[in-house]
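Chain by chain, the residues:
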Amino acid sequence: MRQIVKHRQCQADAWSMPGEAAAAAGVVVSLADYLAVQAGTLASPAPAGAALGVQLEPADDEAQLLPFAAQLQLVVVNFPKSAEGRGYTQGRMLRERYGYCGELRAAGAVLLDQVFLLARCGFDAFDMAPGENLTLAAAELDRFSVAYQTVVGTVVQPHRRGQVG
Amino acid sequence: MYRYDTLDHTLVAERVAQFRDQTQRFLAGQLSEDEFKPLRLRNGLYIQTHAPMLRVAVPYGLLSTRQVRMLAHLARKYDRGYGHFTTRQNIQYNWPKLEEVPDMLADLATVEMHAIQTSGNCIRNTTADHFAGIAPDEIDDPRPYCEIIRQWSTLHPEFNYLPRKFKIAVTGSPADRAASQVHDIGLHLRRGPDGQIGFEVLVGGGLGRTPIIGKVIRDFLPREHLLSYLEAVLRVYNRAGRRDNIYKARIKILVKAMGEEAFRAAVEQEWALIRDTALLLDVVEIDRMRKYFRPLPYEKLPDIDVTAGREAAFVAWYRHNTRVHKVSGYRAVMVSLKTPGIAPGDMTAEQMDGLADLADRISSGEVRSTHDQNLVLGEVRQQDLYETWQRLTALGLATANIGTLADMICCPGLDFCSLANASSISIAHQITERFSDIDYLYDLGPLEIKMSGCMNACGHHHVGHIGILGVDKHGEEWYQITIGGSASGDSSLGEVIGPSVAKLEVANTLAALLDVYVSIREEDETFLQVVRRVGVTPFRERVYAPNR
């Protein structure tokens with residue numbers, strides 16, 4: 001079973017990804033399939049009682065998930081290459097603009113040295129690239145104790161920190 | 001100047017620890033060359049022809065003397081006794097050992113310096129006018145805004161994996177001394193309709209393979225919206241910029257592909273959603289930042305004639321290497337890093353220490369770096385200029401050639417850089433040898449020669465009055481010449497005069513171009529003005545004349 005880092009812990013993944021046999025807990029499909037299921041033009045591939053999640057590719061527009069943000073439990077953002085940067089924007093927008101509160105998972109070519117910035121963009125789960133050490137990846141979430149930018153989850157607005165002390 | 005607080009110190013210290021860990025994992029074989037590359041680049045570390053090269057950030061070109069002494073220390077301890085100032089106000093070390101780079105960064109952190117994002121596909125060091133705060137025609141000092149941008153862009157979580165590198169320059173004067181029109185974003189401080197301060201915003205300028213002058217996408221942006229607007233531009237670029245072809249990935253290509261209007265509309269649409277969020281800067285925060293750059297308590301001094309009765313060498317230096325200051329009784333002093341026989345921008349550890357001592361004694365304890373690879377002492381009393389000249393002369397930093405042909409911009413070229421097609425430094429030497437008569441250089445007037453060893457245009461050749469580009473022709477080094485470029489307020493891109501010339505012919509070609517100029521100039525016309533008046537043809541005809 002696939003191991004991921006989720007909520008700072010290494011754990012087994014209960015979901016199936018596109019192309020995999022449907023898992024009992026939840027099934028992740030492409031954005032096109034997800035929208036088709038919601039529109040009623042495609043039968044949901046999820047078994048009865050299983051949740052339906054969605055996987056975004058870099059060129060996908062996450063704004064299309066806005067109507068479903070409250071009901072979605074898992075959004076997977078795929079990084080086909082480690083240099084791919086669009087997913088950072090997708091994650092941030094889902095959290096900050098569309099109010100998505102479910103699991104936000106970075107998957108694909110996700111490297112150890114990227115999880116800190118991904119977490120700052122709102123990701124709380126990481127399906128790491130093959131060969132990456134999950135324990136070390138979880139530890140990377142504490143790499144920096146400070147930051148300059150006001151992003152999701154930041155309490156202090158750092159560029160105004162002169163006012164707050 | 002800006003001083004780190006606890007947050008800044010903590011962030012830089014944690015960044016050093018992170019890079020030390022990354023370096024150790026690479027040396028231990030846990031990271032491959034390919035995996036380590038984007039990590040080291042985000043810390044300014046290149047693997048070059050001979051050794052790693054470390055590029056250290058000099059935010060908006062401002063250094064304290066304490067920092068200059070640390071740069072000297074690094075040159076001595078980890079390098080071969082010198083450093084190289086770049087066209088983006090940074091400094092590079094060409095001979096460090098990879099395993100010692102974390103120690104260099106730790107040393108830099110003690111003086112509030114770092115190498116964060118001096119390379120890689122992220123937001124680079126923000127550059128500024130080297131006369132910021134002292135230029136008489138300045139609308140506002142750009143440096144407080146640069147520091148706000150520095151902090152915002154440092155480890156920005158969303159914009160660390162952009163399609164390509166991203167460079168921002170800010171100017172506060174109508175005269176553009178920061179080449180802002182050839183940056184991904186150029187910000188020009190302006191006064192708005194009601195007298196409030198803000199920015200004209202240019203996007204999509206750049207050199208490289210596709211040289212383009214930036215387009216104005218907003219005439220006036222009130223300054224409190226600086227970060228939200230930058231974030232909107234970056235978000236549009238991060239989403240839509242091309243990632244399939246490294247040569248088409250800069251924002252200039254996106255602006256061109258979308259069209260100026262569509263790009264502007266996309267930015268404005270995004271900006272409308274974020275302009276009044278936490279990114280809004282309030283006047284308290286801006287003023288807090290401005291206080292770090294407050295003007296000196298200037299003495300009340302009259303302007304004096306410092307040249308009367310002085311030797312010709314001093315008078316020439318005064319005329320060419322000092323500039324007007326907004327406060328009477330003061331001058332800005334250009335420290336020439338264009339000594340004949342030395343690579344442009346190179347400076348030894350001894351020169352750095354000597355200059356730091358001088359800046360402490362007669363200036364403000366600060367040194368500025370310029371985008372044309374010189375340094376500036378910004379606050380020199382006119383009565384101290386003679387002593388300044390003597391001391392700079394003793395340090396080998398008083399060559400009276402600022403603004404002349406000998407004040408060339410030059411990239412490291414094939415001698416150091418693994419990207420280069422051809423050498424630049426040897427061509428600079430060839431040119432300074434050929435044109436060693438300083439009176440001839442003075443007669444030629446203002447002349448900017450800019451030279452790059454490859455298409456990446458680190459030497460800004462497209463915007464040189466005379467541009468020189470090294471090209472590889474069947475394994476030989478050849479040079480393409482352009483004329484008529486400029487990076488000043490009236491920016492323009494140079495035009496190619498014809499087929500590239502052989503390595504040994506570069507200086508001779510320049511001589512032919514200058515002969516044409518001297519023979520057809522009218523009164524005080526500069527080289528650039530003549531090229532703009534008559535075009536390329538007379539120059540081309542002379543250079544490629546069969547009997548030349």
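Residues numbered from 1 in each chain as written. Chains lettered and ligands numbered in written order. Predicted model: local features only at pLDDT ≥ 70, side-chain atom pairs only at ≥ 80, totals over all residues. Heavy atoms only, no water.

Participant: What's the story with the overall build of chain B in this structure? I'm lost.
Facilitator: Each helix and strand in chain B was counted, giving 17 helices and 21 strands. Over its C-alpha trace chain B gives a radius of gyration of 23 Å, about what one expects of a compact globule, namely 24 Å for 548 residues. Taking the principal axes of the C-alpha coordinates as reference, chain B spans close to 65 × 60 × 55 Å. Here chain B holds 548 residues, and the buried ones make up 63% of them. (Helix = DSSP H or I, 4+ residues; strand = E, 2+ residues; numbered from the N terminus. Rg over C-alpha atoms; globule rule 2.2 N^0.38 Å. Buried < 20%, exposed > 50% of the residue type's maximum accessible area, 1.4 Å probe, protein only.)

Participant: Explanation requested: the overall build of chain A in the structure shown.
Facilitator: From N to C terminus, chain A includes 5 helices and 8 strands. Going from the N terminus to the C terminus, chain A shows its helices and strands as β-β-β-β-α-β-β-α-β-α-β-α-α. Taking 2.2 N^0.38 as the reference for a compact globule, 165 residues should give roughly 15 Å; the C-alpha atoms of chain A span a radius of gyration of 16 Å, in line with that estimate. For chain A, the C-alpha atoms occupy an extent of roughly 55 × 35 × 30 Å along the three principal directions. In chain A, buried positions account for 57% of the 165 residues. Taking all contacts inside chain A whose residues are at least 6 apart in sequence as the whole, residues at least 24 apart take part in 53%. Roughly 6900 Å² of accessible area belongs to chain A as shown, and the carbon and sulfur atoms make up 54% of that amount. In chain A, the 13 positive side-chain charges and the 16 negative ones have mean positions that sit 9 Å from each other. (Contact = heavy atoms within 4.5 Å. Areas by Shrake-Rupley, 256 points an atom, 1.4 Å probe, with all protein chains shown as cover. Lys, Arg positive; Asp, Glu negative; His and termini not counted. Charge placed at Lys NZ, Arg CZ, Asp CG, Glu CD.)

Participant: Is there a simple way to explain helix α2 (residues 86-96) of chain A in this structure?
Facilitator: The periodicity of an α-helix, 3.6 residues per turn, causes residues three or four positions apart to be oriented the same way. Here α2 of chain A lies mainly inside the structure; 10 of its 11 residues are buried. Listed in full, the buried residues belonging to α2 of chain A are Arg-86, Gly-87, Tyr-88, Thr-89, Gln-90, Gly-91, Arg-92, Met-93, Leu-94 and Arg-95 of chain A. Against the buried residues of α2 of chain A lie β5 (51-56), β6 (74-79), β7 (103-108) and α3 (115-120) of chain A together with α6 (226-240) of chain B.

Participant: When you look at empty space enclosed by the protein in this model, what are you seeing that I'm missing?
Facilitator: A probe as big as a water molecule, rolled over the atoms, marks out the empty space that is left. This model, assessed by the stated rule, comprises 9 cavities of 30 Å³ or more. Lining the largest cavity are 14 residues, with Asp-113 and Leu-117 of chain A together with Arg-15, Gln-18 and Leu-155 of chain B sitting closest to its centre. When residues of the lining of the largest cavity are traced back to their parent elements, those giving at least two are α3 of chain A together with α1 (6-27) of chain B. At 3 residues, the largest contribution of residues to the lining of the largest cavity is made by α1 of chain B. Looking at the lining of the largest cavity residue by residue, the class counts come to 7 nonpolar, 4 polar and 3 charged. Residue assignment places the lining of the largest cavity across two domains, with domain 1 (6-109) and domain 2 (134-289) of chain B each supplying three or more. Taken as a whole, the second largest cavity spans an internal volume of roughly 130 Å³. If you trace the second largest cavity, you find it lined by Met-1, Tyr-2, Tyr-4, Pro-59, Tyr-60, Leu-62, Gln-67, Glu-112, Met-113, Glu-147 and Arg-150 of chain B. In terms of residue class, the lining of the second largest cavity is made up of 7 nonpolar, 1 polar and 3 charged. (1 Å grid on protein atoms, 1.4 Å probe; cavity = no way out; pocket = protein on both sides within 12 Å on 5 of 7 lines; lining within 4 Å. Points joined across faces, edges and corners; volume = space filled by probe spheres on them. Nonpolar A, V, L, I, M, F, W, Y, C, P; charged D, E, K, R; others polar. Domains from an automatic or database assignment.)

Participant: Sorry, what's going on with the environment of Lys-256 of chain B here?
Facilitator: Residue and element names in this part refer to chain B. As for its position among the elements, Lys-256 is in helix α7 (residues 251-258). Sequence spacing of Lys-256 and Gly-204 is 52 residues, and the spatial spacing of their C-alpha atoms is 8.2 Å. Among residues more than four places away in sequence, those in contact with Lys-256 are Thr-210 and Ile-212.

Participant: Quick question: what am I supposed to make of the domain arrangement of chain B here?
Facilitator: The parts lose accessible area when they come together, and the size of an interface is often stated as this lost area. Residue and element names in this part refer to chain B. What the domain assignment reports for chain B is domain 1 (6-109), domain 2 (134-289), domain 3 (312-395) and domain 4 (409-543). The gap between the C-alpha centroids of domain 1 and domain 3 is 27 Å. Counting residues at the interface gives 21 residues for domain 1 and 23 residues for domain 3. When domain 1 packs against domain 3, the two sides together hide about 1800 Å² of surface, and 53% of this comes from carbon and sulfur. Contact with domain 3 buries area across many residues of domain 1, yet Thr-65, Arg-69 and Phe-85 alone supply 31% of it, more than any other trio. Taken together, the links from domain 1 to domain 3 amount to 4 salt bridges. Of all the secondary structure elements, the ones that give two or more residues to the side of domain 1 that touches domain 3 are β3 (62-64), α3 (65-78) and β4 (82-85). If you tally residues by element for the side of domain 1 that touches domain 3, the top one is α3, at 7 residues. Split into classes, the residues belonging to the side of domain 1 that touches domain 3 amount to 10 nonpolar, 9 polar and 2 charged. (Buried area = accessible area lost by both parts, 1.4 Å probe. Salt bridge = Lys/Arg side-chain N within 4 Å of Asp/Glu carboxyl O.)

Participant: Looking at this structure, how should I read the side chain of Glu-62 of chain A?
Facilitator: Along the polypeptide, Glu-62 of chain A turns up in the loop between β5 and β6. For Glu-62 of chain A, the side chain forms a polar contact with the side chain of Arg-239 of chain B, separated by 2.4 Å. Ignoring any residue separated from it by four or fewer positions in sequence, one finds Glu-62 of chain A in contact with Leu-56, Gln-90, Met-93, Leu-94 and Tyr-98 of chain A together with Arg-239 of chain B. (Polar contact = N/O pair within 3.5 Å; in protein donor to acceptor, adjacent residues only side chain to side chain.)

Participant: Before we go on, may I ask you to explain the interface of chain A and chain B in this structure?
Facilitator: With 33 residues of chain A at the interface, the matching set in chain B holds 43 residues. Both sides of the chain A and chain B interface together cover about 3500 Å² of buried area, and 52% of this is carbon and sulfur. Taken together, the connections running from chain A to chain B amount to 7 salt bridges. Across the contact surface, chain A and chain B share 16 residue pairs in polar contact (both at pLDDT 80 or more).

Participant: Before we go on, may I ask you to explain the state of the cysteines in this structure?
Facilitator: As used here, a disulfide is simply a covalent bond connecting the sulfur atoms of two cysteines. One pass over the structure, following the stated rule, counts 0 disulfides over all chains. With no disulfide of its own, Cys-417 of chain B lies 6.0 Å from the sulfur of Cys-454 of chain B, the closest cysteine sulfur. (Disulfide = S-S within 2.5 Å.)

Participant: Which parts of the structure should I look at to understand the sheet that holds strand β15 (residues 375-381) of chain B?
Facilitator: Backbone hydrogen bonds hold the strands of a sheet together, and the pairing may be parallel or antiparallel. All names here are of chain B. Strand order in the open sheet formed by 5 strands is β3-β14-β15-β12-β11, and the pairing between neighbours is antiparallel. In this open sheet, the two edge strands, each paired with only one partner strand, are β3 and β11 (322-324). Strand-to-strand twist in this sheet, taken as the mean axis angle between neighbours without regard to direction, amounts to 35°. Two elements, strand β12 (residues 330-335) and β15, share 5 bridges in a ladder whose sense is antiparallel. Bridge pairing in β15 places Val-335 opposite Leu-375. Its contacts with the sheet place helix α11 (residues 349-362) against β12, β14 (366-369) and β15, and it is angled at close to 25° to β15. (Pairing = 2+ DSSP bridges. Axes fitted to C-alpha atoms, helices over the stretch in contact; angles between N-to-C directions.)

Participant: Would you take a moment to explain the pattern of salt bridges for this structure?
Facilitator: A side chain of one charge can pair with a side chain of the opposite charge if their charged atoms are brought near each other. Applying the stated criterion across every chain, the model contains 54 salt bridges over all chains. We note a salt bridge from Lys-6 of chain A to Glu-103 of chain A, for which the minimum N-O separation is 3.0 Å. Of this pair, Lys-6 of chain A sits in strand β1 (residues 3-6) while Glu-103 of chain A is found in strand β7, placing the two residues 97 residues apart along the sequence. One network of salt bridges, in which partners are shared, links Arg-92, Glu-96 and Arg-97 of chain A together with Glu-158, Glu-231, Arg-235 and Glu-270 of chain B.

Participant: Looking at this model, I keep getting lost on the packing of helix α15 (residues 506-520) of chain B against helix α16 (residues 527-534) of chain B. Mind explaining?
Facilitator: In a pair of packed helices, the angle between the axes and the distance between the axes together describe the arrangement. All names here are of chain B. The contact between α15 and α16 brings their axes to 10 Å, and the two run at 80°. When the axes of α15 and α16 are compared, the pair comes out roughly perpendicular. Touching Leu-513, Leu-514, Tyr-517 and Ile-520 of α15 are Phe-527, Val-530, Arg-533 and Val-534, all from α16. Partitioning the contact of α15 with α16 into residue classes produces 7 nonpolar, no polar and 1 charged. (Parallel < 35°, antiparallel > 145°, perpendicular 65-115°, else oblique.)

Participant: It is not clear to me how the packing of helix α5 (residues 143-153) of chain B against helix α9 (residues 283-291) of chain B should be interpreted in this structure. Could you clarify?
Facilitator: Residue and element names in this part refer to chain B. Between α5 and α9, the shortest axis-to-axis distance is 8 Å and the interhelical angle comes to 110°. It follows that α5 is roughly perpendicular to α9 by the angle criterion. Facing Pro-144, Tyr-145, Glu-147, Ile-148 and Gln-151 of α5, the residues of α9 in contact are Ile-286, Met-289 and Arg-290. When the residues that make up the contact of α5 with α9 are grouped by side-chain class, the tally is 5 nonpolar, 1 polar and 2 charged.

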